[in-house]
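Reading the structure
The residues making up each chain are set out below.
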Amino acid sequence: MAGQNVWAVFTAVAVVLPLLHAPMATASTPVAVEMTCPYDGTKFRTTVLASWSTWGSDLDHRPTGGLWPLAECPTNGFVFLQDKYTEEELERLRPLVLSDEYQALKTEVTYYRAYWLRQRTGASRELTSLTLLQATWQVAHNQEKYARYVGELLDRLPSDIRAETEQNKVLRLRMLYGELLRRTGRFDEAKDYFQDLLSDLKPDSNESIITKLQITLSDKRDAKPRSVRSALGKDKEDHERWWRRVAPLTSSDIFKARIKHEDPYMYGGNLVWSLSGRQLHWYSPERLLTLDLDAPETKPEAISLPNVAGLLPLPGGEKLIVATRRGSLEQLDLRSRQSSIIATIPPLVEPINVVMAQNGSDVVIGANGTLVAFDTKANQIRNLPLPDFVQNRSGKSSVRRISSAAPIVIIEHRGHLIGWDYRKGQTAFDWVTNPALTVVMPNTDAAFSGDGSRLYVISETVNHFELEIAALNGRSGEVLARQNTRGLNPKISVSKDLQFIAVADGESLTILDNNLLFVVAAITHPEGFNAMAFSPDGRYLAVVFGFSRLVAVYAIEP
């Protein structure tokens, strides 16, 4: 839960359901549950979040829309910092929670009480400070409490800065300190502080842009919150011009629209090409549309696919293998529109994370806590080994990608992308997508090349509004190339021939060469990109835009 984040994650948001880039907002799934108060046994009902998604943050790292709520007991004010407690943990907390000092804090917000408890239970200094920062977010509209909480945090930050050894974290702490000075009306101090900080920054860095704005805001006596997005002038940014600063641009006019189709009933943006590359399958959890490149004006007719979690095309283009959430593997005939069950698999409770790939005669299906292979020749299902932490669902983890050329699946777990060899039942490599985000998974996407030789990863960094793209050896995890870009909500796709890498970073889509050195093309769309996929021959790129439920197929003409 969010209360367990480490200090280093600041702006990293706990993305549980990956959502589209849109006007700054959050999306969550509230669930009413019954809980029991420790120490007095009182039952109470409260609303918790089964999932929580957010994109963007303010300059004080407050996620846009708020933060994960902490449940609290209505009688003794106990704050639930974790889902479950052992008897030993509760006994250690008992004298603190039932003390007069803690009981006097019932008028304080939950994260402030959590901060008070962490101060007294041996929590790390960084985690304690983070919890106090989260408390300031809760009282942003209460001037008295906000000033008091921020004052306590400003007293702690100099020691945090001195104790920190990683320079990127030191910089973030320093920028936060200046932001809190400005937000509490200490404008002259804030201006002097940011002017000193500016000399330590690279002139074209995101931090430099924000620091210059902070100096201007301090001059204007402006204490209002600002989002990172607005501070960087993202709405006015020339994405192509920014890319030219980090990589040469060789061409900017290779996209030729081939097909555009809008369907108001499509919820989701899953794209799968036929093996021939002449049909594009666009599916949601309940329906399937097939777009024919040879008949671009023909309006596709939807096929009902209840509980579909993933699908994979078979040779010939007339049949698909469909994995369903209810636990069946089916074969769908596109001509007759009839499907038949061919095997039983474990129920796929989180279809958004289901991935499928064909490796030889095996169709490999992966999801949270599930990895199975369907042998198309023997018509049999067999379970494949997974690490213990995935099977036990320890923390947030999921199978994210499956190689079609090697027995490797990519498992995302607590800031790591783990290359798991499912034949040997062992880890092939462990790629830390962001060393500072080891508790909450960063927003990350990954894609294998067609021959499995490379794995491309795009993920959030600790820098403001910045993503890192890495090219790895698909079998050993060795880093082959790296590149950075501005953006959020990353998506990545690789053409089968490894000629192009497509990167979507918010509202911009960039085509790179396979060594991440040259920008081949860059386009923008105000809704952002929900999904994208290269055709098998690399000649077409299909994309789904934002919330409009519009799919487009572009012919790529280098």
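First things first, this report covers the structure right here in the doc. (Residues numbered from 1 in each chain as written. Predicted model: local features only at pLDDT ≥ 70, side-chain atom pairs only at ≥ 80, totals over all residues. Heavy atoms only, no water.)

So, the pairing of strand 10 (residues 328–333)
Note on strand geometry: in a regular strand, side chains alternate between the two faces of the sheet. Condition: By this definition, two strands are paired if DSSP reports at least two bridges between them. Every helix listed is a DSSP run of H or I at least four residues long, and every strand listed is a run of E at least two residues long, numbered separately from the N terminus.
One ladder, built from five bridges, connects strand 9 (residues 319–324) with strand 10; its direction is antiparallel. Of the residues in strand 10, the one forming a bridge with Ile321 is Gln331. Linking two consecutive strands that pair antiparallel, namely strand 9 and strand 10, is a turn of three residues; a positive phi of about 105° is found at Gly327 within it. For strand 10 and strand 11 (residues 338–344), the ladder comprises six bridges, and the chain directions are antiparallel. Across the sheet, residue Asp333 finds its bridge partner in strand 11, namely Gln338. Here strand 10 folds back onto strand 11 in antiparallel fashion, the turn holding four residues, of which Arg337 has a positive phi close to 65°.

Considerations on the sheet that holds strand 27 (residues 519–524)
Cut-off, in case you're wondering: Lines fitted to C-alpha atoms define the axes, with helix axes restricted to the stretch in contact, and inter-axis angles between N-to-C directions lie between 0 and 180 degrees.
Across the sheet, which stays open at both edges, the four strands sit in the order 24-25-26-27 with antiparallel pairing between neighbours. Single-partner strands in this sheet number two, and they are strand 24 (490–494) and strand 27. Across the sheet, the mean angle from the axis of one strand to that of its neighbour is 15°, orientation sign disregarded.

Points about the packing of aromatic side chains
Rule in force here: Two aromatic rings from Phe, Tyr or Trp, using only the six-membered ring of Trp, form a pair when their centres are within 6.5 Å; if the ring planes differ by under 30 degrees the pair is stacked, by over 60 it is edge-to-face, and anything between is tilted. When a residue's accessible area, from a 1.4 Å probe over protein chains only, is under 20% of the maximum for its type it is buried; when over 50% it is exposed; and in between it is partly exposed.
By the definition in use, this model includes twelve aromatic pairs. Measuring from centroid to centroid gives 4.4 Å for Tyr112 and Tyr149, while their planes differ by 15°, and the two rings are stacked. Taken together, the residues span a long stretch of sequence, with Tyr112 in helix 3 (residues 110–120) and Tyr149 in helix 5 (residues 143–163) at a distance of 37 residues. Residue class for Tyr112 comes out buried when judged on its relative accessible area of 8%. Tyr149 sits in the buried class, given a relative accessible area of 0%. Relative to Tyr193, the ring of Tyr177 lies with its centre 5.1 Å away and its plane at 40°, an arrangement referred to as tilted. Taken together, the positions of Tyr177 in helix 6 (residues 167–183) and Tyr193 in helix 7 (residues 187–198) put the pair 16 residues apart, joining distant regions of the chain. Taken together through their ring pairs, the aromatic side chains of Tyr39, Phe44, Phe78, Phe80 and Tyr85 make up a single cluster.

Regarding the sheet that holds strand 12 (residues 355–359)
Taken in spatial order, the four strands make up an open sheet running 12-13-14-15, and their pairing is antiparallel. Only two strands of the sheet have a single neighbouring strand rather than two, namely strand 12 and strand 15 (380–383). For this sheet the average axis-to-axis angle between neighbouring strands, irrespective of direction, equals 20°. Here strand 12 pairs with strand 13 (residues 362–367) via five bridges, running antiparallel. When the sheet's bridge partners are listed, Val355 is paired in strand 13 with Gly366.

Things to note about the nonpolar core
To keep it simple, the criterion reads: Grouping buried Ala, Val, Leu, Ile, Met, Phe, Trp, Tyr and Cys residues that are joined through side-chain atoms within 4.5 Å yields what is termed a nonpolar core. In what follows, residue pairs with any heavy atoms lying within 4.5 Å of each other are defined as contacts.
The biggest cluster of nonpolar side chains holds 46 residues, and the ones touching the most others in it are Tyr112, Leu157 and Leu180. Elements with a minimum of two residues in this core: helix 1 (87–97), helix 3, helix 4 (125–138), helix 5 and helix 6. In this structure Tyr112 touches Leu105, Leu132, Ala135, Gln138, Arg148, Tyr149 and Glu152, once residues within four positions along its chain are discounted.

Re the pattern of salt bridges
For side chains of opposite charge, pairing can occur when their charged atoms come near one another. Our working rule: By salt bridge we mean one thing: a side-chain nitrogen of Lys or Arg within 4 Å of a carboxyl oxygen of Asp or Glu.
Inspection of every chain in the model, using the stated rule, returns 24 salt bridges. Among the salt bridges present, the one from Asp362 reaches Arg382, with a minimum N-O distance of 2.6 Å. Note that Asp362 is positioned in strand 13 and Arg382 in strand 15, a separation of 20 residues in sequence. On the basis of relative accessible area, Arg382 is assigned to the partly exposed category, the value being 37%. Among the charged side chains, a salt-bridge network with shared partners connects Asp60, Glu179, Arg182 and Arg183.

Notes on the environment of Val519
The topology assignment puts Val519 in strand 27. Separated by 18 residues in sequence, Val519 and Ile501 place their C-alpha atoms 9.6 Å apart.

Considerations on the packing of helix 3 against helix 5
Two packed helices can be described by the angle between their axes and the distance between those axes. The criterion, for reference: Two helices crossing with the near one rotated counterclockwise from the far one by less than a right angle form a left-handed crossing, whereas a clockwise rotation gives a right-handed crossing. Each residue is assigned to one class: nonpolar for Ala, Val, Leu, Ile, Met, Phe, Trp, Tyr, Cys and Pro, charged for Asp, Glu, Lys and Arg, and polar for all the others, Gly among them.
Here helix 3 crosses helix 5 at 35°, and the two axes come no closer than 12 Å. In the packing of helix 3 onto helix 5, the handedness of the crossing is left-handed. Of the residues in helix 5, those in contact with Tyr112, Tyr115 and Gln119 of helix 3 are Arg148, Tyr149, Glu152 and Arg156. Looking at side-chain class alone, the contact of helix 3 with helix 5 contains three nonpolar, one polar and three charged residues.

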